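Coordinate analysis (summary)
Spelled out from the first residue to the last, the chains are:
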Amino acid sequence: MSLKIGISLAFGSLGATAAFAVLSDPDIPLPTKQKTEKPKSAVIIGGGILGLSTAFQLNRRGVEVTILEKNSSPAQVASYCNGAVIVPSMAASWASAQLLADNPGELKSMSLSLKALTDPAFLRWSAWFWFNSFWPGRANYNHESQRQLALFSLRCMNEEIEEYGETLGFNKGANGTLKLFHNKADMNKFINSKQAKFWSNQNMPFKELTVEECLELEPGIANLEDWNGSSVNGNEDLVGGVYCPMDSSGDIHVYCKNIEKLCLERGVKIEYNSTVTAINVDDDGLIHSVQVNGDKKFRSDVYVLAMGATSGGLARTLGVNVPVYPLKGHMATVKINPEMPAIKTNIYSPKQGLLGVMGDSQVRLSGIVEAVGFNYEIEPEKGRSLIDKVEGVMKPNYLLKDTAWFHSCLRPVSCDDVAILGQSKVNNLFINTGQGSKGWSFSWGCSTFVAQLICGEETYLEPKRYSPLRFHPFTRFL
Ligand SMILES: Cc1cc2nc3c(=O)[nH]c(=O)nc-3n(C[C@H](O)[C@H](O)[C@H](O)COP(=O)(O)OP(=O)(O)OC[C@H]3O[C@@H](n4cnc5c(N)ncnc54)[C@H](O)[C@@H]3O)c2cc1C
């Protein structure tokens with residue numbers, strides 16, 4: 001069953017209205033937490049990108065680390081196959097009425113299942129989502145948190161590439177993102193946006209391009225008349241583009257395999273086929289062990305929850321609110337015609353979709369947003385619809401549609417669409433999740449930041465912007 005986003009608004013606003021107006025000020029002081037000192041040992045729950053990279057960052061700081069992962073190898077869930085784009089330039093929170101109004105694409109046509117609409121966890125999440133979207137000042141605050149995290153992550157990624165090179169390679173592909181526009185007003189708005197100013201202040205300005213310059217940058221893009229007379233939605237109304245130089249792309253799974261290898265070489269223990277079934281807390285309120293597969297126990301000084309979309313359930317058993325909901329999306333990986341020019345930049349058309357560069361010979365398309373609970377079913381027909389929608393961006397026969405393979409997965413989206421990072425109300429439990437559609441792009445920053453917090457180091461990012469405690473007052477009422 002598929003219903004429009006407006007229904008969610010109705011349900012969500014019920015919970016959001018007034019009740020938590022007290023939270024309208026983003027500067028609300030958070031409960032004071034115990035100062036942390038570098039622990040000797042850490043257990044990380046979850047071996048996706050965020051678990052693996054947090055393990056690596058803690059290992060670099062001399063902490064003894066064990067990863068507990070329920071599957072038989074790393075990164076089999078959201079970090080197995082994603083849109084491939086690393087896009088600091090797109091740092092923004094989805095929890096924004098303005099963004100929803102401006103974005104003609106996937107968010108506005110998000111579909112909701114009956115399962116989601118009758119799930120209290122979704123309704124709670126939705127209430128918070130709409131509160132953040134509409135309450136004056138919240139969305140701007142959240143956008144800024146996203147931009148700070150994007151910048152920090154970009155720096156961490158570049159430092160890592162310099163230090164580890166191909167050891168932690170990920171088949172880095174795109175050299176920037178080209179955002180195409182079909183309307184001059186939208187293009188002007190984007191070039192004058194806070195986002196553009198932010199990157200300009202960092203000496204990485206967005207560059208405005210004419211249609212001819214777009215075609216010169218990416219000769220595989222269809223000319224305005226290429227699809228004339230065909231049923232394919234082409235570039236006939238293209239008015240120009242904006243080049244975002246800070247972006248790139250790469251294979252998240254290749255990176256996860258490399259980080260797993262390096263972690264093992266450096267002494268990190270990884271326990272596969274190990275499902276954490278319970279977290280045990282002592283009378284002093286601290287976790288003393290986690291239980292795996294029902295019986296085996298693992299102990300450490302600190303614990304990091306990095307279970308992606310499923311993080312909320314286990315956290316809730318401790319009374320810790322980690323409001324993350326799975327929003328399903330779909331991918332298609334398609335070979336490009338070898339007789340056509342290779343694609344060098346990610347290409348994003350708000351009207352047609354997103355193409356991420358995967359080496360010289362293929363592209364990854366990703367999109368569609370669905371609230372359908374924990375539904376991991378791969379749906380090739382939805383992947384095919386992505387190809388049909390984006391096909392006209394490129395020249396006829398550019399995408400070899402018959403070569404496509406498909407995947408579907410769940411984005412772990414927090415209810416303000418800002419990652420949940422840091423110490424929880426249980427002092428030795430840290431959280432690293434909720435990155436939503438940017439978990440790959442922000443993984444370097446999130447994991448470095450969480451490791452810095454765990455080890456009591458100075459941080460570049462403001463902890464309160466990402467703290468799990470920002471939801472704390474809410475938990476008192478539920
Ligand atoms: C369609 C789609 C497209 C995307 N495209 C992009 C993109 O182009 N760019 C970008 O930046 N981001 C993108 N993302 C987001 C990004 O892929 C995710 O945010 C990221 O992979 C999440 O990583 P994670 O480690 O939090 O979660 P996961 O990769 O899901 O890892 C969580 C791990 O926890 C394990 N686990 C769960 N429960 C337990 C338990 N009880 N005990 C032990 N282990 C457990 C799971 O087995 C899993 O391995 C996309 C996501 C989707 C769905």
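Up top is the structure.
For the structure given in this document, a descriptive report is provided here. Keep in mind that this is a model prediction, so the values were computed, not measured.

**Quick look at the site of the ligand**
Near the ligand there are 38 residues, and of these Glu-69, Ser-79, Gly-83, Val-85 and Ser-441 occur at the shortest range. In the model, an oxygen atom of the ligand is placed 3.2 Å from a nitrogen or oxygen of the Ile-49 main chain. Separating a nitrogen atom of the ligand from a backbone N or O atom of Ser-437 is a distance of 2.9 Å. In isolation the ligand has 1,000 Å² of accessible area, and contact with the protein removes 96% of it. Of all elements in the fold, only α2 (49-60), β14 (324-336) and β18 (399-414) reach the threshold of two or more residues within the shell around the ligand. The element best represented in the shell around the ligand is β18, accounting for 4 residues.

**Some words on the packing of α2 against helix α6 (residues 138-164)**
Remark: α2 packs on α6, axes separated minimally by 15 Å, with the N-to-C direction vectors making an angle of 65°. As α2 runs across α6, the sense of the crossing is left-handed. For the pair α2 and α6, the contacting residues are Phe-56, Gln-57 and Arg-60 in the first and Glu-160, Glu-163 and Tyr-164 in the second. Along the lines of polarity and charge, the residues of the contact of α2 with α6 split into 2 nonpolar, 1 polar and 3 charged.

**Focus on the environment of Ala-97**
Positionally, Ala-97 belongs in helix α3 (residues 97-102). When near neighbours in sequence (up to four residues on either side) are disregarded, Ala-97 contacts Ser-133 and Phe-134.

**Comments concerning a nonpolar patch on the surface**
A contiguous nonpolar surface patch, about 270 Å² in accessible area, is contributed by Val-77, Phe-374 and Tyr-376. With respect to the element layout, Tyr-376 can be found in the loop between β17 (362-371) and α12 (380-390).

**Focus: the sheet that holds strand β13 (residues 302-305)**
Strand order in this open sheet of 6 strands is β9-β2-β1-β13-β20-β19, and the pairing throughout is mixed. Strands with a single pairing partner mark the edges of an open sheet, and in this sheet they are β9 (269-271) and β19 (420-423). With direction set aside, neighbouring strand axes in the sheet form an average angle of 20°. Where α2 meets the sheet, its contacts fall on β1 (41-45), β2 (64-68), β9, β13 and β20 (429-433), and the angle it forms with β2 comes to roughly 170°.

**Overview of the environment of Ser-96**
Of note, Ser-96 is situated in the loop between β3 (85-86) and α3. Between the alpha carbons of Ser-96 and Phe-134 there is a distance of 6.8 Å; along the sequence they are 38 residues apart. What Ser-96 contacts, discounting residues up to four positions off in sequence, is Ser-133, Ala-139 and His-143.

**Re the nonpolar core**
If you look at the biggest cluster of nonpolar residues, it comprises 62 residues, and the most contacted ones within it are Leu-58 and Phe-206. Discounting chain neighbours no more than four positions away, the residues touching Phe-206 are Ser-89, Phe-190, Ile-191, Gln-195, Ala-196, Trp-199, Val-242, Tyr-243, Cys-244 and Met-246. By size, the runner-up hydrophobic cluster in this structure holds 44 residues, among which are Ile-45, Ala-92, Ile-279 and Leu-429.

**Observations regarding the side chain of Ser-145**
Tracing the sequence through the fold places Ser-145 in helix α6. On the accessibility criterion, Ser-145 (0% relative accessible area) is buried.

**Here we look at the side chain of Asn-235**
Its place among the elements puts Asn-235 in the loop between α9 (211-217) and β7 (240-244). At 3.0 Å, the side chain of Asn-235 forms a polar contact with the backbone oxygen of Ala-222. For Asn-235, the residues in contact, after removing those within four places along its chain, are Ile-221, Ala-222, Asn-223, Leu-224, Gln-352, Gly-392 and Val-393.

**Section: the pairing of β7**
Looking down a regular strand, the side chains alternate between one sheet face and the other. Burial analysis of β7 places 5 of its 5 residues in the buried class, which makes it a mostly covered element. A two-sided burial pattern is seen for β7, the buried positions comprising Gly-240, Val-242 and Cys-244 on one face and Gly-241 and Tyr-243 on the other. Here 5 bridges tie strand β5 (residues 177-181) to β7, and the two strands are oriented antiparallel to one another. The partner of Leu-180 across the bridge, within β7, is Gly-241. Note that strand β6 (residues 207-209) and β7 share 3 bridges and pair antiparallel. Looking across to β7, one finds that Leu-209 is bridged to Gly-241.

The rules behind these values
- Residues numbered from 1 in each chain as written.
- Predicted model: local features only at pLDDT ≥ 70, side-chain atom pairs only at ≥ 80, totals over all residues.
- Heavy atoms only, no water.
- Near = heavy atom within 4 Å.
- Polar contact = N/O pair within 3.5 Å; in protein donor to acceptor, adjacent residues only side chain to side chain.
- Areas by Shrake-Rupley, 256 points an atom, 1.4 Å probe, with all protein chains shown as cover.
- Helix = DSSP H or I, 4+ residues; strand = E, 2+ residues; numbered from the N terminus.
- Axes fitted to C-alpha atoms, helices over the stretch in contact; angles between N-to-C directions.
- Left-handed = near helix turned anticlockwise from the far one by under 90°.
- Contact = heavy atoms within 4.5 Å.
- Nonpolar A, V, L, I, M, F, W, Y, C, P; charged D, E, K, R; others polar.
- Patch = residues over 30% accessible without salt bridge, like charges linked within 9 Å, V, L, I, M, F, W, Y side chains within 5 Å.
- Salt bridge = Lys/Arg side-chain N within 4 Å of Asp/Glu carboxyl O.
- Pairing = 2+ DSSP bridges.
- Core = buried A, V, L, I, M, F, W, Y, C linked by side-chain atoms within 4.5 Å.
- Buried < 20%, exposed > 50% of the residue type's maximum accessible area, 1.4 Å probe, protein only.

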